[in-house]
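# Observations on the model geometry
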Amino acid sequence: VDSVPSISCSSVSSSAALYSGRMRCACGSDLGRGGYPVSRVAFLLQLATQRAEISGLTSARFINQDVQTQSLGKNCFDVAFSRFGVMFFDNPVSAFRNIRGAVKPGGRLGYVCWASRKDNPWIRVPTGAARPFLDIPPAPPEDSPGQFAMEREERIIEILAQSGWSNPIISKFECDHHMGQNVHD
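Here's what I pulled together on the structure shown here. (Residues numbered from 1 in each chain as written. Predicted model: local features only at pLDDT ≥ 70, side-chain atom pairs only at ≥ 80, totals over all residues. Heavy atoms only, no water.)

### Considering the overall build of the chain
Assigned secondary structure in the chain consists of 5 helices and 5 strands. Along the chain, helices (α) and strands (β) appear in the sequence β-α-β-α-β-β-α-β-α-α when read from the amino end. For the chain, with 185 residues in total, the buried portion stands at 39%. In the chain, once contacts between residues fewer than 6 apart in sequence are set aside, the share between residues at least 24 apart is 69%. (Helix = DSSP H or I, 4+ residues; strand = E, 2+ residues; numbered from the N terminus. Buried < 20%, exposed > 50% of the residue type's maximum accessible area, 1.4 Å probe, protein only. Contact = heavy atoms within 4.5 Å.)

Shown next as structure tokens:
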């Protein structure tokens, strides 16, 4: 793999993990809206740049760009990747179309996002425990931007097809999610 953009919504830390000596260039593209205020985005991009420099990742670069409305370039990446970033798009079809345009013909897209709320005990269990004591707000409308925007496989397939991707493979996996050792964590 030569080059990979890491589509992120926060710390762009996956770019450094992706680099691992196999890529010529890693690019963290932070949404800059929806996820965090721009001031926090600037701080996170600066932090990611510093960490990349310390780690010797000299070809990694980090930019603040809204991939829903701005091009990442044309046919310049082999693969696009996101770790929990694509769920926050207001217009996912436009964003995925721009990402598709940046990936070379035959290139691939890989991303990680949360499965359905009911399949995620990290949200279900604490919410259920707090319900008798707190006024829990209702869940956001289905398919709205947020951590569960991509919970429905049918929606993922529809978005990817409308944005020019073909033959999607959706793989569900489970892992332990560590939330801290104690209440202070």
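### Some points on the environment of Ala80
Along the chain, the position of Ala80 falls in strand E4 (residues 77-83). Given a relative accessible area of 0%, Ala80 falls into the buried group. Separated by 24 residues in sequence, Ala80 and Lys104 have C-alpha atoms that sit 9.9 Å apart. Those residues in contact with Ala80 that lie beyond four places of it in its chain are Pro5, Ile99, Val103, Arg108, Leu109 and Gly110.

### Thoughts on the packing of helix H3 (residues 92-102) against helix H5 (residues 153-162)
Where H3 meets H5, the closest approach of the two axes is 8 Å, and the angle between their N-to-C directions is 55°. Overall, the two elements H3 and H5 adopt an arrangement that is oblique. When you trace H3 past H5, the crossing you get is right-handed. Here Pro92, Val93, Phe96 and Arg97 of H3 come into contact with H5, specifically with Arg155, Ile159, Leu160 and Gln162. The class makeup of the residues in the contact of H3 with H5 is 5 nonpolar, 1 polar and 2 charged. (Axes fitted to C-alpha atoms, helices over the stretch in contact; angles between N-to-C directions. Parallel < 35°, antiparallel > 145°, perpendicular 65-115°, else oblique. Left-handed = near helix turned anticlockwise from the far one by under 90°. Nonpolar A, V, L, I, M, F, W, Y, C, P; charged D, E, K, R; others polar.)

### Some points on the side chain of Ser82
Along the chain, the position of Ser82 falls in strand E4. Classification of Ser82 by relative accessible area gives buried; the value is 1%. The contact partners of Ser82, leaving out residues within four places of it in the chain, are Ile7, Gly110, Tyr111 and Val112.

### Quick word on the nonpolar core
Core analysis: the biggest nonpolar cluster contains 24 residues, and Val67, Leu72, Phe89, Phe96, Ile99 and Met150 have the highest contact counts within it. If you list the elements that add at least two residues to this core, you get E4, H3, strand E5 (103-112) and H5. The greatest single-element share of this core, amounting to 5 residues, is contributed by H3. Counting residues in each nonpolar core, the second largest holds 6 residues, with Ala48, Leu57, Ala60 and Phe62 among its members. (Core = buried A, V, L, I, M, F, W, Y, C linked by side-chain atoms within 4.5 Å.)

### Observations concerning H3
Extensive coverage of H3 is indicated by the burial of 8 of its 11 residues. Looking at H3, one finds that the buried residues are Pro92, Val93, Ser94, Ala95, Phe96, Ile99, Arg100 and Ala102.

### What to know about the pairing of E4
Where burial is concerned, most of E4 is hidden: 6 out of the 7 residues are buried. With 6 bridges connecting them, E4 and E5 associate as parallel partners. Looking across to E5, one finds that Arg83 is bridged to Val112. Between E4 and its parallel partner E5, the chain crosses via H3, and the hand of that crossover is right-handed. (Pairing = 2+ DSSP bridges. Right-handed = clockwise from strand over helix to strand, strands pointing away.)

### Examining the packing of aromatic side chains
In total, this model carries 5 aromatic pairs according to the counting rule given. On the numbers, 5.9 Å between centres and 85° between planes, the contact of Phe89 with Phe96 is edge-to-face. If you follow Arg100 out to its NZ or CZ, it ends over the ring of Trp165, 4.8 Å from the centre. (Phe/Tyr/Trp six-rings, centres within 6.5 Å; stacked < 30°, edge-to-face > 60°. Lys NZ or Arg CZ within 6 Å of the ring centre and 35° of its normal.)

### Concerning H5
When H5 is considered as a whole, its buried residues turn out to be Arg155, Ile156, Ile159 and Leu160. An end-on view of H5 places all buried positions within 125° of arc, on one side of the element. What points out from H5, more than 90 degrees from its buried face, is the exposed set Glu154 and Ala161. Contacts made by the buried residues of H5 are with H3 and E5. Taken from the residues just after H5, Gly164 is the one with a positive phi, measuring 100°. (Arc of directions from axis to C-beta.)

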